[in-house]
Structures are given as structure tokens and as C-alpha cells.
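The primary structure of each chain is shown beneath.
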Amino acid sequence: MDTVAVAKLALSAATYAIDRPYDYQVPRELADTLRPGMRVVVPFGAGNRRTEGIVLAFEDGRPPDPKRKTILTLLDEEPVLDAEALQLALWMRERWFCTVYDAARAMLPAGLYFSLQDRYAVAPGIDRETAYASAGKSEHARRILELIFASGGSAERRQIREAFGIKDPNPALRQLTDHGVLQLETSAERGVGDKTEQVAVLAVPAEEAMAQVTPKRRSAPLRYAVIELLAALGSASSKELCYFTGASSATLRSLTKSGLVRLERREVFRRVRVPEVESAPPPELNEQQQAAFEGLSALAAAGKPAAALLYGVTGSGKTQVYIRLIRQVLDRGRTAIVLVPEIALTPQLLRSFTAQFGDAVAVLHSSLRAGERYDEWKRLRTGKARVAIGTRSAVFAPLKDLGLVILDEEQEATYKSENVPKYHARDVAKYRCTQSGALLVLGSATPSVESMYLARTGVYHCFTLSRRYNEQALPAVFIADMKEELRAGNGTSLSLPLRQALEETLRAGEQSILFLNRRGASRMVSCGECGAVPTCPRCSVHLTYHSANGRLMCHYCGHSERLPAACPACGGTLNFIGAGTQKVQEELEAAFPGITVLRMDTDTVSATQSHEKLLSRFEKEKIPILVGTQMVAKGLDFENVTLVGVVSADLSLYVDDYRAGERTFSLLTQVVGRAGRGNKKGRAIVQTYTPENDVILCAARQDYDRFYEQEIVLRRLRGCPPFRDLFVVTASGLSESAVLKTCMRLRRSLEDWLERPEFRALEAQVLGPAPASVAKVNDRYRYRLTLACRNTRAVRAMVAHLVRCAQKDKENKGVSVSADVDPLD
DNA sequence: AGCACGCCGACT
DNA sequence: GTCGGCGTGCTC
């Protein structure tokens, strides 16, 4: 009997509700070349639209099935994912409620991505008249033809859909293709961010262009703004042009139609890599470092999966241990991954790694151009580079014989992805280490409570570095009670002790850093008279001011508007509020006339220069005082900084999140550790309205162990990680009542499930529905249910089932449902 | 999600 | 009789 070869594919068009391996017939000409891990193009769905798929496996000897469709084309010459990576993708689907394709997409560099477009083109030999005759009386078909002829004979399906709005162009499109007037072509284009970018240039002299748009300045302000900017610059990238003027790509297109602007593609110059550094000898280790190294090295040598916590106080030299460990792993013929929270904040670490390992290091992070990222990815896959350093997504580095994964500052929130797939790099790292018998090293001065718990209970090995480099003493920490300051009539953000300390530091010719630990440090605008704050029309958030383009912008949906001259509600004067760094800067300048105060927050960094530049200015010019947000907390060490002030330790503490204590402790510890890195002794002043708070007291004493002991009790009591995980099911939609109804249905079936004998013992708890932290985004209301429960395979399967059923349920029409584990907010 | 099929009202 | 709007069900 005749049999055929069938490929099992994961498809990009399959949503979570219908994600499963799909069977496709392998055409004879691909039978020899096609292997698992390669990407292909296949027809999918009733309309056979082109979809990308990735080969998971083959099955030979299957009976032919007339219903089965056939693979159209091959996209790769070599597999882009190996067997282990495919296995990881399947595991991610189970663990984080995403599709296999979502997982695969996270693993591959964007430069590898194709965008498949269905294009409708006028068939050869068909003229306008024949075409319109075929359209007959169909209004839809006529409109489609108009669009296609207007755009030069062909148009993308997406374009046609958008032009139609809600109505369905498909019957008309089918009619036209059936008559042979139009034909469908598929184009596979390389994805975004290649080596070129779109640039807009003036097509006519600047004066002429200005003369054309000026009369219509009122009615077409965006066109005017674009031309005005282009007249000044000559040319600019389309992206920047839109950012600075608030114009959309439609504005640019309309300007090209008027003949004022030309759009071109221009080569983007690949950016300079890590600066060349002289190679350095392996670092010398002190006694403690040596002990940690030997312990870790033995674990790595065993070739069995293992995890260890490297708990080392700030300045105890964890990097040197990493370097020696990597060296050894490389010498044994294996490879290593180093994850850091943010590349930009770790230039020193990057430099020392390059000095040690030279070309064997590949750097992967989000601000690399797609092409560069792709190049680095290829170097890793081919074995030319054997150490990958990067942020979260570098955990997927395509390395064979992985022997070691290091997560530096493992408690950092950046290791959890906020986009689908919402994975945590720590868990992916664990899985990869298990796959390849590698060692996972979690390094931190302030480990996450979860990791320390696992270390204390013997799941992780634990190594401690308690001695600071050169035996430096920890800075002396003083807590300033801001309630008392208020009672004494001091309403500013600078307490008396902080003022005095600043004065003394100034007099000694030393430098100070003031830290404002406010999350998402951005600036808002409010009316001085009526107190109104401009809000996004589509989302329930305040708009933030961007000084770079002078506009108010929404960080959730991208809405932007010009900063109004006066309050739209009452006509009053608008004031800037927000990060407060500016206010602190002003207060400092008033208190210390003539002293330079450098400010570093999202505003000054994006507008003027990179924070690296700002920091080097601070160091080289010995600017007396630096005020900043989160970004001053980490990274560089300054010899001459002897005073650190925390303006308000409470800001990150009293928020509704079980990790608030941990985050505040970690931040305060890092900030305090900034003082006195050189020979001089440092001190720190922590200002707070709640000086009796245990987290603040522990941080002031740099007493992690005490903090942990208290925190773990709270976590157990509240049923938070590490004792239970929080599964969050989110429903969103345009109708608030529909979203809430979906949530109530979900809650009921969740409770039904938990009644079953196999789940009773888990003592799970269901909370909500409650509005999400940002209750409305893009006009969609968001509510969520929280299930606090041990994270077992059965529970994950149950949640997955629940989400899938909710997505398929007709009662939930117009509401989308998704799930996440231990989300950040 | 995206597409086809089928039902039904409006217009011719 | 069409055309087009809308609800329902499936995706190899």
C-alpha cells in the first residue's frame, strides 16, 4: 500500500486555543532536505492563507489523506532550532501558556524573521475595462479594484482589509480571483530592522515646501510640522520624524503623494562593538573567592545538572569567580551563558569579559540592530563564539555542550518577560541546565527570597562571599525621620541631617549621590489651579511628558499629543510633576547656591545623552551632586563619592505587591553600597516617614539575613512564592460588563476544579476578579483572577484547559483571556 | 485570529 | 434574484 511522509508542524497562525502539531504532507522534492527545526511556509485555514511553520517531527508510512495539505516552500537551509531547543519550546508552552511558535519566536533573533504577505495583483493580460466588467455590480469588488489600480497593480491583503474597515472583502476577492482578474502571490520578506531604514527627504527646495504647507498650517498641522522639521534637517528617518512631530506614516505617505517628500531606504551603519580591550590574565582570588570557585568548579565538573546560589555582598568580587569558572568550563570543551539585568548598566563587566575571552564572547541584547544580533547568533551557533553575554533573551543562546549558566543579580525583575511568552529567564536557565547537565549559578548581593529559600532548604548549593574587596568597611547609615522634619517645619525633601552631610561632603571636596526610588520615573503634567492631569483618551493612565519632542505621550498605546499651552479644563497654568528629581535638583540649588547639580532620569538621559556619558561627566568633572532615579543605583563605582542619600525610602515600599519589601531592600542595599568605594569611608542617609519599618532598618544595617527571616515568615503567611505561585488569568475587552461576566464564569469553573479530590490538598485560593493595575489599555478593560497555588503540572494543565475553554466559549465573545505566572505587577 | 458558509433583510 | 451584514464553527 502507498504511504507518505508527514511533517508535524507548529504554526505561527495558530492561536493558543488551537495550538497543536499540525500534519502536512512533505513534497517529494523536499523529502531529503527537510529536517526538524527548519521553517516552512504552508497554507492554513479555510482561506489557505500563507503561514510560517516549524518542523517538530516526521512520521513516515502514513496513509495518504486527501484532506491533508502540503508544505509549500522551505525557508531555511539549516535547522534554526536543534532537538533540545524544540523540546524547550514545548516545555515553555506548558509552563507559560503560550504557543510553541511564540516560544520559538522568543528563541530566534529578529533578523531571521520573515514576514509573509499575501499580495493580490492584476493578472497579466487583464486591462481596466475587463477587470471592472468582472466586478459587475459588486460594490466591494469595484472598491478593491480601485485600490489595486491606485497602488500600481497590486496590493497586500492587509492593505485591502484596512481600507474596508469592518466589512469583509473576502467574498469579493474570491470572486475576482475566480474570474482570473486577480492572482494571489506570496512574498517572503526578511523581517523588521534589517540593515536599512526608511528615510524621508524633501523632494523640493525647502522654501517651496514650506510655502505649500504654510497656508494650511491650521487645517493640516501635522503636514506642516513634518515639513518644518525636514526643512531644518534636510532628511530624517521616518521613525524619528513621526516620534518628534506626532505624525503617522499615513501623513508621510500623503506628503509623498503631494510630491513634497520622497521616501528612501538608507543603509544603517552597524554600530561599533565593545571597544577593543587588552587581554588580561586570569584574576587572582582571595580565600573566600577561591573556596567558592572550588566548590562551584567541582559541581560544574560533575557534568550533572546542579544549581548554586553565589551570595556575595556588594564589592565582594563575584565577577572574578565567574571569570575563573567560565575559563574552566571552556577548557573542558563546554560553553557558557552569562545573563545580566541590563547591558547598558554593566559596561565594566562587559569589558572584563572581553579582556578575558576576546572573540569567544558574543554579546546579545535588545539595543543591537537586528543584523548585529543575527551575526552574533550565528557566531554562537557555529561555535565560533562559546560564551554568550546578554539580557533575558540570551538565555536562548544557541550553544552546544552548555556547561554553565550564570544569572548575575538574579533577583532583578528584568529576567521576567512582560510580553508573550511571559517566561522567566531563571526557569528557562534551569531547564536548559537540566537538559545538558550544566551548572546554574545565581549570583546576588540580595538574593530573591525564593532563591534563598531554596538555598536554605538544600535544593541549591550555596556559597557566600562576605568580605568586601580590600576589606572596605560598609558605609555608616543614618535614618532620617521625615515626620520629625515635618513637625519641625521642614517641608522640603531634604532633611536637616542630609543637608548637613551634603555640606560637609562639599567642604571636603567629595561627591554625593541622591537617589529617588520611584518606579517608572517619568514626568506628568498637572494644572496648578484645578489639579487636572491630562489622561490618555484610550487608557486609564496619565500622559507623561517627553522633553525630547515636547509632547505628552501614553506609554501603553503610544498616543501622543502636543503639550497644551494651558489647562484644557480650566485654562490654568500647567506644572510639571512626577519623578521629583527636578524638584530635588531645584531645592539643592536653592540650598547650595552656585553648586552644580547633575540630574539623571529618563528625561535628561533620553534628551541629551546616554547615561554612560552623564556618569563619566560626573566622575571626570567632579560634579559635587548627582540626583537620579533607579539608574544611579547600579553600575559604576566612583572613588570620590562618600555620601549617598535616599530621598524617600518609602516610595517603593508601600505598593500593593508581595515583592515590594524585597525590591526596596535590594535597591536600598545597592544604593548604600555606592558610598565609599574608594579609600575614603562612605556614609549613607536614608530618609523615611516610617523609620520603624523593618525592611528599612534591615537595609540600613545591611542585614540581609534578618530581612530574609522576616520576609519568609510573611510569605508563608500570605501564601506567596516560594510557597505558592500566583497564576493570574486576565480577561480584557471593550465592554466592561462582558469582561466581568467572563471573569465570574472563570471564577466559578476554577472553584469547581478546586473542589475535585486531586486539587483539594493544594489548599489553593482564588482571588478577584479585580481590575488590573492599569485597568484600561487601548479602550479595553482588563480584569484579573488570581489563583494562589502550588505550581504543579496538574495545576498548569488545569489553568491551560480553563483558558483554552474560555477562549473557545461563545459566551465570551469579544473578550480575550490569557494567563501568566507570578507577573510583575 | 481569520475565513467560509449559511441565513436573512434590503433593494431592484 | 442579488448584495451584503451577521452569527457559527473549523483550522492538518
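Cut-offs used in this document
- Residues numbered from 1 in each chain as written.
- Chains lettered and ligands numbered in written order.
- Predicted model: local features only at pLDDT ≥ 70, side-chain atom pairs only at ≥ 80, totals over all residues.
- Heavy atoms only, no water.
- Helix = DSSP H or I, 4+ residues; strand = E, 2+ residues; numbered from the N terminus.
- Rg over C-alpha atoms; globule rule 2.2 N^0.38 Å.
- Buried < 20%, exposed > 50% of the residue type's maximum accessible area, 1.4 Å probe, protein only.
- Contact = heavy atoms within 4.5 Å.
- Areas by Shrake-Rupley, 256 points an atom, 1.4 Å probe, with all protein chains shown as cover.
- Lys, Arg positive; Asp, Glu negative; His and termini not counted.
- Charge placed at Lys NZ, Arg CZ, Asp CG, Glu CD.
- UniProt positions renumbered as here; feature names shortened; annotations may be inferred.
- Pairing = 2+ DSSP bridges.
- Axes fitted to C-alpha atoms, helices over the stretch in contact; angles between N-to-C directions.
- Core = buried A, V, L, I, M, F, W, Y, C linked by side-chain atoms within 4.5 Å.
- Near = heavy atom within 4 Å.
- Polar contact = N/O pair within 3.5 Å; in protein donor to acceptor, adjacent residues only side chain to side chain.
- Nonpolar A, V, L, I, M, F, W, Y, C, P; charged D, E, K, R; others polar.

(A) Local environment of the overall build of chain A. For chain A, the helix and strand inventory stands at 27 helices and 33 strands. Relative to its length of 825 residues, chain A is compact, with a C-alpha radius of gyration of 30 Å against a globular reference of 28 Å. When the backbone C-alpha atoms are referred to their principal axes, chain A occupies close to 90 × 75 × 60 Å. Buried residues in chain A amount to 51% of all 825 residues. Once local pairs closer than 6 in sequence are excluded, the contacts in chain A between residues at least 24 apart make up 74%. On chain A, roughly 38500 Å² of surface is accessible, and the fraction owed to carbon and sulfur atoms is 51%. Both charge centroids of chain A, one from 110 positive and one from 96 negative side chains, sit 3 Å from each other.

(B) Fine view of the UniProt feature "binding site: Zn(2+) 1" (unreviewed entry) in chain A. Here the UniProt feature "binding site: Zn(2+) 1" (unreviewed entry) sits at Cys-527, Cys-530, Cys-567 and Cys-570. These residues run over 44 residues, yet every pair of their C-alpha atoms falls within 8.5 Å of each other. For Cys-527, a relative accessible area of 3% gives the class buried. With respect to the helices and strands, the residue Cys-570 is situated in the loop between β24 (560-562) and β25 (574-578). Overall, the relative accessible area of 39% leaves Cys-570 in the partly exposed class. Once residues lying within four places of it in the same chain are set aside, the contact partners of Cys-570 are Cys-527, Glu-529 and Cys-530.

(C) Spotlight on the sheet that holds strand β28 (residues 641-646). Spatially, six strands are ordered β19-β29-β28-β20-β27-β26 in an open sheet, and the strand pairing comes out parallel. Each edge of the open sheet is held by one strand with a lone partner, namely β19 (476-481) and β26 (597-600). This sheet shows a mean twist of 20° between the axes of neighbouring strands, independent of strand direction. Pairing of strand β20 (residues 511-515) with β28 involves five bridges; the strand directions are parallel. For Phe-515, the partnering residue across the bridge sits in β28 and is Val-646. Running over the sheet, helix α22 (residues 660-672) touches β19, β20, β28 and β29 (683-688) and is turned about 155° from β28. Across the face of the sheet, helix α23 (residues 694-701) comes into contact with β19 and β29 while running at roughly 150° to β19.

(D) Inspection of the sheet that holds strand β17 (residues 439-444) at higher detail. Here seven strands make up an open sheet; going across it, the order is β14-β15-β13-β16-β17-β12-β18 and the pairing parallel. Two strands close off the open sheet at either side, each with one partner strand: β14 (361-364) and β18 (461-465). For this sheet the average axis-to-axis angle between neighbouring strands, irrespective of direction, equals 15°. Of the strand pairs in this sheet, β14 and strand β15 (residues 387-390) are connected by four bridges, and their pairing is parallel. Among the inter-strand pairings, Ala-362 is bridged to a residue of β15, identified as Ala-388. In this fold helix α11 (residues 287-301) packs onto β12 (306-312), β17 and β18, with an angle of close to 160° to the strand it touches most, β18.

(E) Representation of the nonpolar core within the structure. Residues Leu-81, Met-92, Leu-787 and Val-799 are the most contacted members of the largest nonpolar core, which totals 119 residues. For Met-92, the residues in contact, after removing those within four places along its chain, are Phe-97, Cys-98, Ala-103, Met-107, Phe-396, Pro-421 and Tyr-423. With 34 residues, the next largest nonpolar core counts Phe-293, Tyr-322, Leu-330 and Phe-463 among its residues.

(F) Highlighting the protein's contact with DNA strand B. Every residue close to DNA strand B is listed here: Thr-15, Ile-18, Ala-46, Gly-47, Arg-49, Arg-157, Arg-161, Asn-170 and Arg-174. Gly-47 is positioned with one of its backbone polar atoms (N or O) 3.4 Å from a sugar or linking oxygen of DNA strand B. Side-chain polar atom of Asn-170 to a phosphate oxygen of DNA strand B: 3.3 Å apart, as the coordinates give it. Taken together, the elements giving at least two residues each to the surface near DNA strand B come down to α5 (157-164) and α6 (170-178).

(G) Structural view of the protein's contact with DNA strand C. As a matter of local geometry, DNA strand C sits amid 15 residues, with Arg-20, Asp-23, Lys-69, Glu-139 and Lys-167 nearest to it. In this structure, a sugar or linking oxygen belonging to DNA strand C sits 2.6 Å away from a main-chain N or O atom of Asp-23. Lys-69 places a polar side-chain atom, nitrogen or oxygen, 2.5 Å from a phosphate oxygen of DNA strand C. Looking at the surface near DNA strand C, the elements with two or more residues in it are β2 (22-25) and α4 (139-150). If one sorts the elements of the surface near DNA strand C by residue count, β2 sits on top with three residues. Taken together, the residues of the surface near DNA strand C break down into four nonpolar, three polar and eight charged.

(H) Seen up close, the pairing of β26. With burial as the criterion, each face of β26 is covered, one bearing Val-597 and Arg-599 and the other bearing Leu-598 and Met-600. The pairing of β26 with strand β27 (residues 625-628) spans four bridges and is parallel. Within β27, the residue paired with Met-600 across the bridge is Gly-628.

(I) Spatial organisation of helix α13 (residues 347-357). Burial analysis of α13 places eight of its eleven residues in the buried class, the great majority of the element. Among the residues of α13, those classed as buried are Pro-347, Leu-349, Leu-350, Phe-353, Thr-354, Ala-355, Gln-356 and Phe-357. Immediately beyond the C-terminal end of α13, within one or two residues, lies Gly-358, with a positive phi of roughly 55°.

(J) Here's a closer look at unusual backbone geometry. Of note, the amide linkage connecting Val-420 to Pro-421 takes the cis form, showing an omega dihedral of -5°. Following the sequence through the fold, Pro-421 ends up in the loop between β16 (402-408) and α15 (425-436). The omega angle of the peptide bond from Pro-721 to Pro-722 is 5°, so this bond is cis rather than trans. Relative to the helices and strands, Pro-722 resides in the loop between α24 (704-718) and β30 (725-733). We note that Gln-702 has phi near 55°; this positive angle belongs to a residue other than glycine. We note that Asp-822 has phi near 45°; this positive angle belongs to a residue other than glycine. Mapped onto the secondary structure, Asp-822 falls in the segment after β33 (815-821).

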